[in-house]
2 protein chains.
Amino acid sequence: MTTTPRLVEVRQKILKHNDVAARKLRQRFSEANVTVISLVSSPGAGKTALLEKVLRELGRHHQVAALVGDLATENDAGRLGRSGAAVKQIVTNTVCHLEAAMIESAIGEWRLDDLDFLFIENVGNLVCPASYDLGESVRLVLFSVTEGEDKPLKYPTIFNTADIAVITKMDLADPVGFDLAAARNAVESVRPGMPVLTLSAKTGDGMGQLFELLLASRVSTNC
Amino acid sequence: MTTTPRLVEVRQKILKHNDVAARKLRQRFSEANVTVISLVSSPGAGKTALLEKVLRELGRHHQVAALVGDLATENDAGRLGRSGAAVKQIVTNTVCHLEAAMIESAIGEWRLDDLDFLFIENVGNLVCPASYDLGESVRLVLFSVTEGEDKPLKYPTIFNTADIAVITKMDLADPVGFDLAAARNAVESVRPGMPVLTLSAKTGDGMGQLFELLLASRVSTNC
């Protein structure tokens, strides 16, 4: 592993650049009074399905927009755009995470002052996005019941950089024999005190609690 | 994105180092007549559950061993070790993929000549492992029915570096409304002609086809 120190060194520089860019973004978001929520998870944990519901519900009384990252395709922007919200796809090609500079570039033309909420759906990945601050106010880390209860233990870094854990696809909990207590314990052991929401975007169960939390985060951002 | 070219340059050097190490590994595996199968997928797609069954079944008539990568915990090595096979955990900490040097280090003490099959379970990630040759004979890319049919379109690079696509958790296909034809089309469009297996490690459906394929890959390795 003689090559690692060089990579670590370059990564540190890139992360520093990213942190500077993220700090500027956070300042812009704050001045425009827009609450920025990012979503991270493994591929297929249900970020887009959840966001479809969130954009529709919050969009009834608030101005909402979304940026969505993927290596390829504009599928998710197409899905989210049907909610009526302003949505932009960020295609990263081979890059396994979003970076602050990509967010800055993507929101280039948008009038942030007109927005209440901006959602950022990261590339599906439980590792790489952990290191990149995107200037968000709140970071949600999702994992689905089909992935197993031990994901927080196996990917502790991403749980440590997130604010709220969301367990998705609860409608499949019985078919897969999901052990909710074990999952809660796994979250608690890597991030004591982290709030855990359980929901199903498909059935709507638990979504009310998420909406309340998002609205509360807007209030606290305003304070 | 002024930082990218520097990172690309360093990555290229690292990949070159990795390719050299992987080539040496492949030569060693060939000389020892061991068939090396790697598994890549997103977190929770069912690599370990599949491997538990594979190690037990192939272990009845062959000498099998496994290396398993994770950022943290030795959970998977514990699970796989119960099959009776030799198993070693590679803990990568923050690294989102296995590298050839990690494999070389992990097999340090093993007598490869005594093995028929060596399985390598990569870190759960549909992006980073794509670039790292591990000296394997066959790379399986898994995705579960719960992740959605479009994963091959969204993560084309990993499908392009793999030899066989395995759709897992077919026992959940009905509850999640999985469209198998759409998934097959997605694989076909990013990697025309790629074999697609469908199975459930839980019920055992489709596992026979996988065993046949693994045994066939051993025969072809010997030729």
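Scroll up for the structure.
What counts, and where the lines are drawn
Residues numbered from 1 in each chain as written. Chains lettered and ligands numbered in written order. Predicted model: local features only at pLDDT ≥ 70, side-chain atom pairs only at ≥ 80, totals over all residues. Heavy atoms only, no water. Buried < 20%, exposed > 50% of the residue type's maximum accessible area, 1.4 Å probe, protein only. Helix = DSSP H or I, 4+ residues; strand = E, 2+ residues; numbered from the N terminus. Arc of directions from axis to C-beta. Contact = heavy atoms within 4.5 Å. Polar contact = N/O pair within 3.5 Å; in protein donor to acceptor, adjacent residues only side chain to side chain. Least-squares fit on C-alpha atoms with pLDDT ≥ 70 in both. Pairing = 2+ DSSP bridges. Axes fitted to C-alpha atoms, helices over the stretch in contact; angles between N-to-C directions.

Considering helix α8 (residues 180–190) of chain B
Residue and element names in this part refer to chain B.
Okay, step 1: Buried within α8 are the following residues: A183, A186, V187 and V190. Along the axis of α8, the buried positions cluster into a sector of 95 degrees, meaning they face one direction only.
Okay, step 2: On its buried face, α8 sits against β5 (138–144), α5 (151–154), α6 (156–161), β6 (164–168) and β7 (196–198).
Okay, step 3: Among the residues of α8, the N-terminal cap falls to D179, whose side-chain oxygen and the backbone nitrogen of A181 are separated by 3.2 Å.

Brief notes about unusual backbone geometry
All names here are of chain A.
Okay, step 1: The phi angle at N33 is positive, at roughly 55 degrees, despite the residue not being glycine.
Okay, step 2: In this fold, N33 is placed in the loop between α1 (4–31) and β1 (35–40).
Okay, step 3: Its identity is not glycine, yet T73 carries a phi of approximately 75 degrees, on the positive side.
Okay, step 4: If you trace the backbone, T73 turns up in the loop between β2 (64–70) and α3 (75–81).
Okay, step 5: Residue class for T73 comes out partly exposed when judged on its relative accessible area of 22%.

What to know about the relation of the copies chain A and chain B
Okay, step 1: With an RMSD of 0.0 Å, the fit of chain A onto chain B corresponds to turning through 180 degrees and sliding 0.0 Å along the axis. Here the symmetry operator amounts to a two-fold rotation axis.
Okay, step 2: Take the interface residues of chain A: 100% of them recur as interface residues in chain B, which is what a same-surface contact looks like.

Looking at the pairing of strand β4 (residues 117–121) of chain B
Moving residue by residue along a regular strand, the side chains alternate between the two faces of the sheet.
All names here are of chain B.
Okay, step 1: Most of β4 sits out of view: 5 of its 5 residues are buried.
Okay, step 2: Neither face of β4 is exposed, since F117, F119 and E121 on one face and L118 and I120 on the opposite face are all buried.
Okay, step 3: The sheet contact formed by strand β1 (residues 35–40) and β4 spans 5 bridges and is parallel. The residue bridging L39 from the neighbouring strand is E121, located in β4.
Okay, step 4: By the bridge criterion, 5 bridges tie strand β2 (residues 64–70) to β4 in an arrangement that is parallel.

Concerning the sheet that holds β2(B)
Residues and elements named next belong to chain B.
Okay, step 1: Sheet architecture is open: 7 strands sit in the order β3-β2-β4-β1-β5-β6-β7, paired in parallel fashion. Two strands bound the open sheet, and with one partner strand each, they are β3 (86–91) and β7. Across the sheet, the mean angle from the axis of one strand to that of its neighbour is 20 degrees, orientation sign disregarded.
Okay, step 2: Running over the sheet, helix α2 (residues 47–58) touches β1, β2, β3, β4 and β5 and is turned about 170 degrees from β4.
Okay, step 3: Sheet strands touched by α8: β5, β6 and β7. Its angle to β7, the strand with the most contacts, is close to 155 degrees.

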